[in-house]
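Spelled out from the first residue to the last, the chains are:
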Amino acid sequence: MRFKTSRISPTIDLETDGKQFGFLRIPHSVHRSAYGWLPMPIVSIRNGNGPSALVMAGNHGDEYEGQVTLSRLARSLEADDISGHLVLLPMSNYPAARAGRRTSPIDEGNLNRSFPGDPRGTITQMIAHMIEEELLPKVDLLVDLHSGGSSLMYLPSTQILLQDDGTISPVEKRLADAYGAPFNHLLHEEGDDHSAEAARRKGKFLLCAEFGGGGTVTPEILKICEGGLLRALHAFDLLIALPDGLSPPQVPRYLEIKGDEPYVYASEDGLFEPLVELGDEVKAGDAAGAIHFPETPQREPQVEYFHSEGVVVCKRIPGRSERGDCLFHLASEWPA
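Residues numbered from 1 in each chain as written. Predicted model: local features only at pLDDT ≥ 70, side-chain atom pairs only at ≥ 80, totals over all residues. Heavy atoms only, no water.

Caption draft 1: Quick peek at the overall build of the protein chain. Counting secondary structure elements, the protein chain contains six helices and 18 strands. Its C-alpha atoms give the protein chain a radius of gyration of 20 Å, near enough to 20 Å, the size a compact globule of 336 residues would have. Expressed as lengths along the three principal axes of its C-alpha atoms, the size of the protein chain is roughly 65 × 50 × 40 Å. Within the protein chain, the proportion of its 336 residues that are buried is 54%. Look at the contacts in the protein chain between residues 6 or more apart in sequence, and 70% of them connect residues 24 or more apart. (Helix = DSSP H or I, 4+ residues; strand = E, 2+ residues; numbered from the N terminus. Rg over C-alpha atoms; globule rule 2.2 N^0.38 Å. Buried < 20%, exposed > 50% of the residue type's maximum accessible area, 1.4 Å probe, protein only. Contact = heavy atoms within 4.5 Å.)

Given below as structure tokens:
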């Protein structure tokens, strides 16, 4: 099978029923391999007619929760478990995921800043184009699983991109409620270069997520990520039945992320000391963190402050920080 416009080609036939493991062959001609290709994993599980979904992880390569979740799902699901078509990309930016880096070591490409991509561009641009122009047209729903990666930690949350009129798609709300993460963040817009906007351009339903981070995984976060994905696919009528013993969803708290005010950045280079924790409720003017200067120990630390009120949904993990690093961001109560 070949794609219509992409130089990337699948080793499996996405139109065939059954469960298939294969690769997306990304052309990569380098000194050690003149006609080589990179083996980006893809899994296709198809059973007749029905809804279809593309589920991505590893959009940023140092975000591991989704990669573990999709690897387990690929092993556990069989074609008879679904009605329709499920496509899994456990390492969406394959070079970045293989290296455990947010961006690709080949071209420094950030996949979630590369849509709609370029079929003749860099490796990351080719991947973005292939996802938007070859895979998204084949499905009804995109699920993109993220986390805080190496530098951030998130409260477990799903995310919905609000429609142009500021409302929530009923289908996407049903999926977020079924996922049952503790929080659901409502986003006013993503950049045109994000996967969310790629889904919007193609007229697809969308559900994104942020689960944990810190360059690691935990049993608690994985349980939320994995169980929620199964419930969401079931709510989309793609997964026929839920596993026995799967816990019911939590009722998510709907929060809003809007503009730049909810973000706190380091104003100096130094050692970051957080003064609040994830889940804390804060107000504008509250102290967020302190930047210490051990090279000049007589110097008082630089205190950073919140500029708005809300819930602390994300915080920086590494202590060593530089001016411009994101330290925190907040989400506020959804007024609707």
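Okay, back to it.
Caption draft 2: Here's a closer look at the nonpolar core. If you look at the biggest cluster of nonpolar residues, it comprises 45 residues, and the most contacted ones within it are L54, L89 and I131. Among the nonpolar cores identified, the runner-up in size contains 42 residues, and A57, L88, V143 and L230 belong to it. (Core = buried A, V, L, I, M, F, W, Y, C linked by side-chain atoms within 4.5 Å.)

Caption draft 3: Region of interest: the side chain of H85. Positionally, H85 belongs in strand 5 (residues 84-89). A polar contact is formed between the side chain of H85 and the side chain of S44, at a distance of 2.8 Å. Within the local environment of H85, its side chain forms a polar contact with the side chain of R46, the two groups lying 3.0 Å apart. (Polar contact = N/O pair within 3.5 Å; in protein donor to acceptor, adjacent residues only side chain to side chain.)

Caption draft 4: Main features of unusual backbone geometry. With omega at 5°, the peptide bond leading from F115 into P116 counts as cis. Positionally, P116 belongs in the loop between helix 2 (94-99) and helix 3 (123-135).

Caption draft 5: Inspection of the layout of surface pockets at higher detail. There is about 850 Å³ of room inside the largest pocket. Lining the largest pocket are 34 residues, and of these R113, Y154, E210, Y263 and H329 sit closest to its centre. For the lining of the largest pocket, the elements supplying multiple residues, two or more each, are strand 7 (152-161), strand 9 (205-213), strand 11 (263-265), strand 16 (310-316) and strand 18 (326-333). Among the residues forming the lining of the largest pocket, the class breakdown is ten nonpolar, 13 polar and eleven charged. Looking at the second largest pocket, its volume works out to about 160 Å³. Taken together, G180, E220, K223, I224, G227, R231, G245, L246, S247, P248, P249 and Q250 form the lining of the second largest pocket. Here the residues of the lining of the second largest pocket sort into four nonpolar, five polar and three charged. (1 Å grid on protein atoms, 1.4 Å probe; cavity = no way out; pocket = protein on both sides within 12 Å on 5 of 7 lines; lining within 4 Å. Points joined across faces, edges and corners; volume = space filled by probe spheres on them. Nonpolar A, V, L, I, M, F, W, Y, C, P; charged D, E, K, R; others polar.)

Caption draft 6: Representation of the pairing of strand 12 (residues 270-274) in the model. As judged from the two bridges shared by strand 12 and strand 17 (residues 320-321), these two strands associate in the antiparallel manner. Along strand 17, the bridge assignment pairs L271 with R320. Bridging between strand 12 and strand 14 (residues 287-292) involves four bridges; their strand directions are antiparallel. Looking at the pairing, E273 lines up with A290 of strand 14. (Pairing = 2+ DSSP bridges.)

Caption draft 7: Structural detail: the pairing of strand 14. Across four bridges, strand 14 lies against strand 15 (residues 302-305) in antiparallel orientation. In the sheet register, A290 faces strand 15, and the bridge partner there is V303.

Caption draft 8: Highlighting the pattern of salt bridges. If you walk through the whole model with that rule in mind, you get 18 salt bridges. K19 serves as the salt-bridge partner of E78, at 3.3 Å between the closest nitrogen and oxygen. Taken as a pair, E78 in the loop between helix 1 (65-76) and strand 5 and K19 in strand 2 (residues 18-27) lie far apart in primary sequence, 59 residues in all. One salt bridge connects E268 with R323, and the closest N-O pair in it is separated by 3.1 Å. Of this pair, E268 sits in the loop between strand 11 and strand 12 while R323 sits in the loop between strand 17 and strand 18, and the two are 55 residues apart along the sequence. (Salt bridge = Lys/Arg side-chain N within 4 Å of Asp/Glu carboxyl O.)

In short, the description is geometric, and any link to function would need to be established separately.
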